[in-house]
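Coordinate analysis (summary)
If you want the building blocks of each chain, they are given just below.
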Amino acid sequence: MTSSYSADQIQVLEGLEAVRKRPGMYIGSTGPRGLHHLVYEVVDNAIDEALAGYCTHIEIDIHADGSVSVTDNGRGIPIDVHSKTGRSALETVMTVLHAGGKFGGGGYKVSGGLHGVGVSVVNALSEWVEVTVWRDKKIHGQRYERGKPTSELTTKPSPEKQRTGTSVRFLPDRDIFVTTGIEFDFNAIGARVRELAYLNAGVRITFSDHRLDLLGKEEPRVETYFYEGGIREYIQYMNRDKEPLHDEIIYVEGERDGVVVEAALQWSVDAYSDSLLGFANNIRTVDGGTHLEGLKSVLTRTMNVTARKRNKLKDNQPNLGGENIREGLTGIISVKVPDPEFEGQTKTKLGNPEVRGIVDSLVGEVLTEYLEFRPNVADAILEKAIQAFNAAEAARRARELVRRKSVLESSTLPGKLADCSSKDPSESEIFIVEGDSAGGSAKQGRDRRFQAILPLRGKILNIEKTDDAKIYKNNEVQSLIAALGLGIKGEDFDVSQLRYHRIILMTDADVDGAHIRTLLLTFFYRYQRDMVEQGFVYIACPPLYKVERGRNHHYCYSDRELQRHLNELPSNANYNIQRFKGLGEMMPTQLWDTTMNPETRLLKRVEIEDAVEADRIFTVLMGDKVAPRREFIETEGPKLNLTDLDI
């Protein structure tokens, strides 16, 4: 019997119902990232007013009731009647998908919000929204509930005759964000807001948190972000714990064919990798794009031409590679494009082909002139690049070993890697474990079909302090590179070469295990950051305790969970507590049940919410300088809950 399928089964969703039906399609998820996306959408509108030259101050407030308001001093959303909808322009913007001033018509030349989904989606996913508009010496207001207006547009004279702008206050709908609630993360929002302030020089952003503290008192936390130096100050912020190779930050600003380009560059003495950030219309392009391609291309060409002019490279010597030139570079490229084309699964790759040439041309002109007038700076950068080139040549044989397709069959992995039988990376996973003991339990407990085991001996190199030559000579690092299919440091990440799509760090639950995990994370972040950013790295969460009571047992993953479990036991119970100091102490079946079985295990995926802060933390904690590390420990130590510290 065939089920009927007729016109009656075709569902038509009116207005914003589609957004409420499938919120993930519009904001990515209904988890924390989607929740915070609502704030960014409203802030983007205010930033677009700043880009258009009408807004200088944005105020963001998290209120005690969990709602958020974003207030700007821009032109104010128009409130006159829209010819197509017959409703006010304000109500049209708030209730109609893809309605706004960014689709032509001269409202905005450049827009970051175009990349997003619009304030109407925020309206659809909120319990209520209240909009206030200051315009034409009047105050206009309207309230909405779950996307629908609950009042007519109100208008009254404004006591502040000259004031213009818009304020949007919204309370996210708990029915939509049911799994995570509506708890906003001040630090996460602050990181994005700080980024926007750097990218839009001269715009002041005030961010306040009025929520009650744990004792029920209101202690507002207020941060102000205002950077007249724009991305130059951003570079200073990123490099504040590094030793600069040259004091002056190289800065480029220009416009060609309607595309505005800003770039800032500074090399550091004590860094062996680069840190390049790309932005298009204020959107962080984590997957790169034509603006970053143009910047890399012009850097390579200009520095090689300069090297030959200054006789740093002889006629018979090959050109320096792009990765050699970018070693130690912190750079930001920000472009404002009238009609941006975003590519990739996450829409975070700029695709406009014309931008590549524009960036190449504008940066090339300024950089060439800068280096000609500052030969000492040119020489310092070139000498560092030549050192990087020489180190890479010294490691060439080891690098070639990595390139061989048969590397896994070579003598570099004598029985270390216990591979899985599946050849499909998307279903395969590898556990990186410390030592032969844990490796033995993991090998016996695993599912051989899709789980591989790679035991490492001791602590791998701290890649933050190490040049390429040492990296490629290290056996443990070679094993990692070859087993995972990572390719070469400095080359673009090629996901098709990755042999496993879940790379799981499974270290002991003690200080040494935490250190090894940190060293591994440093390696992945510095060697192949794209792999981390695209979500292939995970951390296993083995239990700390096993509580046995008769024939029953219970695993606890923290001291708090143990205490909670013990409190639930009868006062007269005879129980036994086993503490797992190392994974090698666990029987293979225990390790499978608690840590490796996809049906029962707990995995944490490593994500980078704030790339700049992540970069700084790796520099501080794993770099050569002791003073910033001591300062970090003295500052952050008191904030930690030391009751869970395992020594």
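Counting of residues starts from 1 at the beginning of each chain's written sequence and follows it residue by residue. Where totals are concerned, whole chains, interfaces and linings use all residues; where local detail is concerned, this predicted model gives features only for residues with pLDDT of at least 70, and gives and counts side-chain atom pairs only at 80 or more. Hydrogens and water are ignored here; the side-chain numbers use all heavy atoms of the structure.

**Points about the overall build of the protein**
Put simply, the rule reads: We count a stretch as a helix when DSSP gives it H or I for four or more residues in a row; a strand needs E for two or more, and each element gets its number in order from the N terminus. Note on exposure labels: buried denotes an accessible area under 20% of the residue type's maximum, exposed denotes more than 50%, and partly exposed covers the range between, all computed with a 1.4 Å probe on protein chains only. The contact definition used throughout considers only heavy atoms, calling two residues in contact when any of these lie within 4.5 Å. Methods summary: accessible areas were calculated by the Shrake-Rupley approach with a probe of 1.4 Å, and residue burial reflects only the protein chains presented.
The number of helices and strands found in the protein is 21 helices and 24 strands. Burial status across the protein gives 51% buried among its 647 residues. If you take every contact in the protein between residues at least 6 apart in sequence, the share linking residues at least 24 apart comes to 68%. Carbon and sulfur atoms form 48% of the exposed surface of the protein, whose accessible area is close to 31,400 Å².

**Digging into the packing of aromatic side chains**
Going by this rule: Pairs were defined over the aromatic rings of Phe, Tyr and Trp, the Trp ring being its six-membered one, requiring ring centres within 6.5 Å. Orientation was assigned from the angle between planes: stacked under 30 degrees, edge-to-face over 60, tilted for the rest. Two conditions define a charge located above a ring, namely a distance within 6 Å from the ring centre to NZ of Lys or CZ of Arg, and an angle within 35 degrees of the ring normal.
On inspection of all chains with the given rule, the structure shows nine aromatic pairs. Among the aromatic residues, those joined into a cluster by ring pairs are Tyr-198, Tyr-227, Tyr-234, Tyr-237 and Phe-279. A cation over an aromatic ring shows up here: Arg-204 above the ring of Phe-226, its NZ or CZ 4.2 Å from the ring centre. A cation sits over an aromatic face here: Arg-232 above Tyr-251, 3.8 Å from the ring centre.

**Some words on the pairing of strand β4 (residues 138-145)**
This is how the line gets drawn: In this analysis, strands are considered paired if DSSP registers two or more bridges between them.
As paired strands, strand β3 (residues 126-135) and β4 are joined by seven bridges and run antiparallel to one another. Within β4, the position partnered with Arg-135 by the bridge is Lys-138. Two elements, β4 and strand β6 (residues 154-157), share four bridges in a ladder whose sense is antiparallel. Looking at the pairing, Ile-139 lines up with Lys-156 of β6. Two strands pair when backbone bridges link them, and β4 and strand β5 (residues 148-149) are joined in this way by two bridges, in the antiparallel orientation. Counterpart to Tyr-144 in the pairing with β5 is Pro-149.

**Points about the UniProt feature "binding site: Mg(2+) 1" (unreviewed entry) in the protein**
Quick reminder of the rule: UniProt positions are given in the numbering used here, feature names are shortened, and annotations may be inferred rather than shown by experiment. Any pair of nitrogen or oxygen atoms within 3.5 Å is treated as a polar contact; in protein, a donor-acceptor pairing is required on top of that, and neighbouring residues in sequence qualify only through side-chain atoms on both sides.
UniProt tags Glu-434 and Asp-508 as "binding site: Mg(2+) 1" (unreviewed entry). In summary, the annotated positions, though distributed over 75 residues, converge in three dimensions, the widest C-alpha pair being only 7.6 Å. Given the relative accessible area of 16%, Glu-434 is considered buried. A polar side-chain atom of Glu-434 sits 2.7 Å from the main-chain amide nitrogen of Asp-508. Inspection of the secondary structure puts Asp-508 in the loop between β19 (502-506) and α16 (511-527). If sequence neighbours within four positions are ignored, Asp-508 has contacts with Glu-434, Gly-513, Ala-514, Arg-517, Lys-581, Gly-582 and Leu-583.

**A word on the side chain of Glu-434**
The condition is simple: When charges are tallied, Lys and Arg are placed among the positive residues and Asp and Glu among the negative ones, while His and the ends of the chain are skipped. By convention in these notes, a salt bridge is any Lys or Arg side-chain nitrogen within 4 Å of a carboxyl oxygen on Asp or Glu.
If you trace the backbone, Glu-434 turns up in strand β17 (residues 429-434). It is Arg-517 that comes nearest to the buried, bridge-free Glu-434 among opposite-charge side chains, at 7.1 Å.

**Considering the packing of helix α15 (residues 475-484) against α16**
Quick reminder of the rule: Orientation is described by axes fitted as lines to C-alpha atoms, over the contacting stretch for helices, and by angles from 0 to 180 degrees between their N-to-C directions. Note on terminology: angles under 35 degrees are roughly parallel, angles over 145 are roughly antiparallel, angles of 65 to 115 are roughly perpendicular, and the others are oblique. In this scheme, a crossing is called left-handed if the near helix is turned counterclockwise away from the far one by less than a right angle; it is called right-handed if the turn is clockwise.
Closest axis-to-axis distance for the α15/α16 pair is 12 Å, and the angle between their directions is 60°. What the angle tells us is that α15 and α16 run oblique. Here the hand of the crossing between α15 and α16 comes out right-handed. Touching Val-477, Leu-480, Ile-481 and Leu-484 of α15 are Leu-520, Phe-523, Phe-524 and Tyr-527, all from α16.

**As for the sheet that holds strand β10 (residues 250-256)**
Sheet architecture is open: five strands sit in the order β10-β11-β14-β12-β13, paired in mixed fashion. Every interior strand has two partners, whereas the edge strands, β10 and β13 (283-284), have only one.

**So, the sheet that holds strand β21 (residues 545-549)**
Spatial ordering of the open sheet is given by β22-β21-β23, a layout of three strands whose pairing is antiparallel. For this open sheet the edge positions go to β22 (552-556) and β23 (576-579), each flanked by a neighbour on one side alone. Shown here is a sheet whose adjacent strand axes are inclined to one another by a mean of 20°, direction ignored. Looking at chain direction, β21 and β22 are connected through five bridges and run antiparallel.

**Points about a negative patch on the surface**
The line we're drawing: Patches here: salt-bridge-free residues with over 30% relative accessible area, like charges joined within 9 Å, nonpolar side chains (Val, Leu, Ile, Met, Phe, Trp, Tyr) joined within 5 Å. For charged residues, the charge sits on one atom: NZ in Lys, CZ in Arg, CG in Asp, CD in Glu.
Together, Asp-257, Asp-339, Glu-341, Glu-343 and Glu-354 make up a negatively charged patch on the protein surface. Within the secondary structure, Glu-341 sits in the loop between β14 (329-336) and β15 (342-343). The class of Glu-341 is partly exposed, set by a relative accessible area of 42%.

**Side note on the pattern of salt bridges**
With the rule as written, the count across this model stands at 34 salt bridges. Between Glu-183 and Arg-211 there is a salt bridge whose closest N-O contact spans 3.2 Å. Taken together, the residues span a long stretch of sequence, with Glu-183 in the loop between β7 (165-172) and α6 (186-199) and Arg-211 in the loop between β8 (204-209) and β9 (221-225) at a distance of 28 residues. Glu-183 sits in the exposed class, given a relative accessible area of 59%. Each of the salt bridges in this network shares a partner with another, and the network as a whole consists of Arg-20, Arg-146, Asp-173 and Asp-175.

**A short note on the nonpolar core**
Heads up, the condition is: To form a nonpolar core, buried Ala, Val, Leu, Ile, Met, Phe, Trp, Tyr and Cys residues must be joined to one another through side-chain atoms within 4.5 Å.
By size, the foremost hydrophobic cluster in this structure holds 66 residues, and its most contacted members are Ile-58, Ile-60, Phe-170, Ile-205 and Tyr-234. Each residue touching Ile-58, except ones within four places of it in the same chain, is listed here: Ala-46, Ile-47, Val-70, Thr-71, Asp-72, Val-203, Arg-204, Ile-205 and Thr-206.

**Description of the UniProt feature "site: Interaction with DNA" (unreviewed entry) in the protein**
Look at the UniProt record and you will see "site: Interaction with DNA" (unreviewed entry) annotated at Lys-459 and Asn-462. As for its placement among the helices and strands, Lys-459 is situated in the loop between β18 (451-456) and α14 (468-473). The contacts of Lys-459, once residues within four sequence positions are left out, are Asp-512, His-515, Ile-516 and Leu-519. Position of Asn-462 among the secondary structure elements: in the loop between β18 and α14. With sequence-adjacent residues up to four places away left out, Asn-462 is seen in contact with Leu-519, Thr-522 and Met-622.

**Comments concerning helix α20 (residues 611-622)**
To keep things clear, this is the line we draw: Multiplying one less than the number of residues by 1.5 Å gives the expected span of a helix.
The terminal C-alpha atoms of α20, which comprises twelve residues, lie 16 Å apart, in line with the 16 Å expected from a rise of 1.5 Å per residue. Most of α20 sits out of view: nine of its twelve residues are buried. Listed in full, the buried residues belonging to α20 are Ala-611, Val-612, Ala-614, Asp-615, Arg-616, Phe-618, Thr-619, Val-620 and Met-622.

**Overview of unusual backbone geometry**
You will see that Lys-137, though not glycine, has its phi angle at about 65°, which is positive. You can see Lys-137 is positioned in the loop between β3 and β4. Residue Asn-281 is not a glycine yet carries a positive backbone phi of 55°. Secondary-structure assignment places Asn-281 in the loop between β12 (275-280) and β13.

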